[in-house]
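Overview (structure and organization)
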Amino acid sequence: MRTILVTGGCGFIGSNFIRYMLDKYDDVFIINLDALTYCGNLDNLSDINGINRYKFIQGDIGDFELVSSIFQEFKPDIVVNFAAESHNDRAVLNPRIFLETNVLGTQNLLEVCKKFGIKRFHHISTCEVFGDLDLNDSNIFTESSPYKPRTPYNASKAAADHVVRVYYHTFGVPITISNCGNNYGHYQYPEKLIPLFVTNALEDKSLPLFKSSQNKREWVYVLDHCAAVDLILQHGKVGESYNIGTGVEKSIEEIAAIILKTLNKPETLKQYVQDRPGHDRRYALEWSKIKNELGWAPKINFEEGIVETILWYKNNPDWWKKLKNRSFKDYYDNYYSKLKL
Ligand code: NAD
Ligand code: TYD
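Let us look at the structure shown here. (Residues numbered from 1 in each chain as written. Chains lettered and ligands numbered in written order. Predicted model: local features only at pLDDT ≥ 70, side-chain atom pairs only at ≥ 80, totals over all residues. Heavy atoms only, no water.)

**A short note on helix α10 (residues 302-315)**
An α-helix turns once per 3.6 residues; consequently, residues spaced three or four apart project the same way. For α10, spanning 14 residues, the distance from its first C-alpha to its last is 20 Å, which sits close to the expected 20 Å at 1.5 Å a residue. Put simply, Asn301 is the residue that caps the front of α10, since its side-chain oxygen is 3.0 Å from the backbone nitrogen of Glu303. (Helix = DSSP H or I, 4+ residues; strand = E, 2+ residues; numbered from the N terminus. Expected span 1.5 Å × (residues − 1). Polar contact = N/O pair within 3.5 Å; in protein donor to acceptor, adjacent residues only side chain to side chain.)

Here it is as structure tokens:
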């Protein structure tokens, strides 16, 4: 039995990863350590709770005593660190919590790994550590591109990557890192572009397109990301990082158009709003390393995956309606006034 400590497993990608691993392997035991912040949601794993190869523990990755006690009791073979503050808009309002969780929380996990030993510490990172690209630049990011973060969230993820490498080079903790493009799929908190626009459109509310609406992202279906992480755990080389991309780039305009067409909603729902400060123009990854060395390639075609995802939100209003009611009153209503722009 492989025992895997997954952190942040009640969030979007972490919950998909836990389900993916438990479905795929009979000999995997998963402990999910999650603080249940505003976006940590037990509903994301309601079908998994009760499975005897899964255990949920509520707590902070920055809590040394707690993480140590988990290591003493369960002796994990592997840690996969998804836990993070993950939303650029929020980082503009409160950068500190991003540094506390993403950098110091990660450092705390590594410190416990150093103390008790671990076969692999895999860190989930992002394309955003490399900074942004011109919309038409043909030189996209490789694993050895320089780190040039431009937002508080990106800087916290970049710093975390450095700390992870430090624990490898200085202390010998066996790490791997993956830097992935923008994910889409089921259970994404409805503050990020796709679930926000889909759920707003379903409620006949406006879609707030940042005015630089030709800015674009590279889109990865969440289960393709999970498959890549699984492969890195099995065959990835310790000390290395792997880009996870697809080559599928879509602008804010294109995403809005697909959503409105799929839901048969009018173009008039589009509303142009101020860019967030430091709005990155474009991220794009060169991903031949994971393709050539580990044999990974995305399986989900974007045109099919995006429609399936939009329809999942349409068919699961009970999942997202309470999240929007919970967080949006105290957050989005005041967002632009808080920024004092
Ligand atoms: P998310 O915001 O949906 O989930 C984050 C989870 O972490 C939540 O369940 C939250 O409760 C938990 N958490 C936050 N602080 C914690 C703490 N101190 N201790 C324990 N748990 C804590 O995020 P996501 O979109 O699923 O992203 C997961 C990881 O993937 C992050 O590290 C993010 O930087 C990275 N990533 C995300 C994307 C994307 O498109 N969403 C792309 C590339 C990389
Ligand atoms: P987001 O989902 O926040 O991810 P990222 O971390 O890549 O910025 O945003 C994706 C893109 O969508 C980005 O260009 C900003 C844009 N966007 C909007 O235009 N309006 C919105 O309300 C949000 C949340 C994002």
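**Considerations on helix α8 (residues 252-262)**
Every buried residue belonging to α8 is among Ile252, Glu253, Ile255, Ala256, Ile259 and Leu260, and all of these are buried. Projected down its long axis, α8 carries its buried residues within an arc of 165 degrees, all on one side. Against the buried residues of α8 lie α6 (193-202), β8 (207-210), β9 (216-221), β11 (249-251), β12 (270-273) and α10. In the segment just after α8, Asn264 is the residue with positive phi, at about 55 degrees. (Buried < 20%, exposed > 50% of the residue type's maximum accessible area, 1.4 Å probe, protein only. Arc of directions from axis to C-beta. Contact = heavy atoms within 4.5 Å.)

**Here we look at the sheet that holds β11**
The 3 strands lie next to each other as β7-β9-β11, forming an open sheet whose pairing is mixed. Each edge of the open sheet carries a strand with a single partner, namely β7 (182-184) and β11. If you compare each strand with its neighbour and ignore which way they point, the axes differ by 50 degrees on average. As paired strands, β7 and β9 are joined by 3 bridges and run parallel to one another. Counterpart to Tyr184 in the pairing with β9 is Tyr221. (Pairing = 2+ DSSP bridges. Axes fitted to C-alpha atoms, helices over the stretch in contact; angles between N-to-C directions.)

**Focus: the side chain of Glu128**
Relative to the helices and strands, Glu128 resides in the loop between β5 (120-126) and α5 (152-169). Buried within the structure, Glu128 lacks any salt-bridge partner; Arg217 is the closest side chain of opposite charge, at an N-O distance of 5.2 Å. A polar side-chain atom of Glu128 sits 3.1 Å from a polar atom in the side chain of Tyr283. Beyond its immediate chain neighbours, meaning those up to four positions away, Glu128 contacts Asn88, Pro149, Tyr153, Asn154, Asn182 and Tyr283. (Lys, Arg positive; Asp, Glu negative; His and termini not counted. Salt bridge = Lys/Arg side-chain N within 4 Å of Asp/Glu carboxyl O.)

Remember that the coordinates give geometry; whether it matters functionally is a separate question.
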